[in-house]
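Coordinate inspection notes
Residue-level listing of the chains:
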Amino acid sequence: QVQLVESGGGLVQAGGSLSLSCTASERTFSRAMGWFRQAPGKEREFVAAIAWTGSSTYYGDSVKGRFTISRDDAKNTVYLQMNTLKPEDTAVYYCAAQRGFRIGVIDDYESWGQGTQVTVSS
């Protein structure tokens, strides 16, 4: 099973930007990839996903227009560019590889990374 490692989290002020990376231990060029997040006391929620071709992207309603997902299969890496960050974006961000067909459904993903903390101060 592919192993995923997230990086790039940190502390940023509201309105700022962060770029997260998710590097895979092997090629994931044939699989859609997704980003999810989990805030303290809340369920894990869908953030963004990108098709295996890279031609289609999908976003959760709360991040549309602010976050951008991309992938570089030559580097086995998926990125999440986060702009205009808000305090409510504070969470641990996880990437995962899709195994099913439902874009924003947690159960259709596997190989979860350990997560990277993003904290947005007001």
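Above this text is the structure in question.
All of the points below concern the structure found in this document.

Calculation criteria
The residue numbers shown here count from 1 along each chain, following its written sequence. In keeping with the model being predicted, local features are shown solely for residues with a pLDDT of at least 70 and side-chain atom pairs are shown and tallied solely at 80 or more, while totals for entire chains, interfaces and linings include all residues. The basis for the side-chain values is all heavy atoms of the structure; hydrogens and waters are excluded. If DSSP finds at least two bridges between two strands, the strands pair. Secondary structure counts use DSSP, requiring at least four H or I residues in a row for a helix and at least two E residues in a row for a strand, with both numbered from the N terminus. Interaxial angle, 0 to 180 degrees, is taken between N-to-C directions of lines fitted to C-alpha atoms, where a helix line uses only the stretch in contact. Should a side-chain nitrogen of Lys or Arg be within 4 Å of a carboxyl oxygen of Asp or Glu, the pair is scored as a salt bridge. Note on exposure labels: buried denotes an accessible area under 20% of the residue type's maximum, exposed denotes more than 50%, and partly exposed covers the range between, all computed with a 1.4 Å probe on protein chains only.

In this section: the sheet that holds strand β8 (residues 77-82). With antiparallel pairing, the four strands of this open sheet are ordered in space as β1-β3-β8-β7. Each edge of the open sheet is held by one strand with a lone partner, namely β1 (4-7) and β7 (67-72). When the angles between neighbouring strand axes are averaged without regard to direction, this sheet yields 15 degrees. With four bridges joining them, β1 and strand β3 (residues 18-24) adopt antiparallel strand pairing. Considered in β3, the bridge of Val5 is made with Thr23.

Before going further, it helps to examine the pattern of salt bridges. What the rule picks out here adds up to seven salt bridges. Between Lys64 and Asp61 there is a salt bridge; the shortest N-O distance is 3.2 Å. Judged on exposure class, the residue Lys64 and its partner Asp61 are both exposed. As a salt-bridge pair, Arg66 and Asp89 come within 2.8 Å of each other at their nearest N and O atoms.

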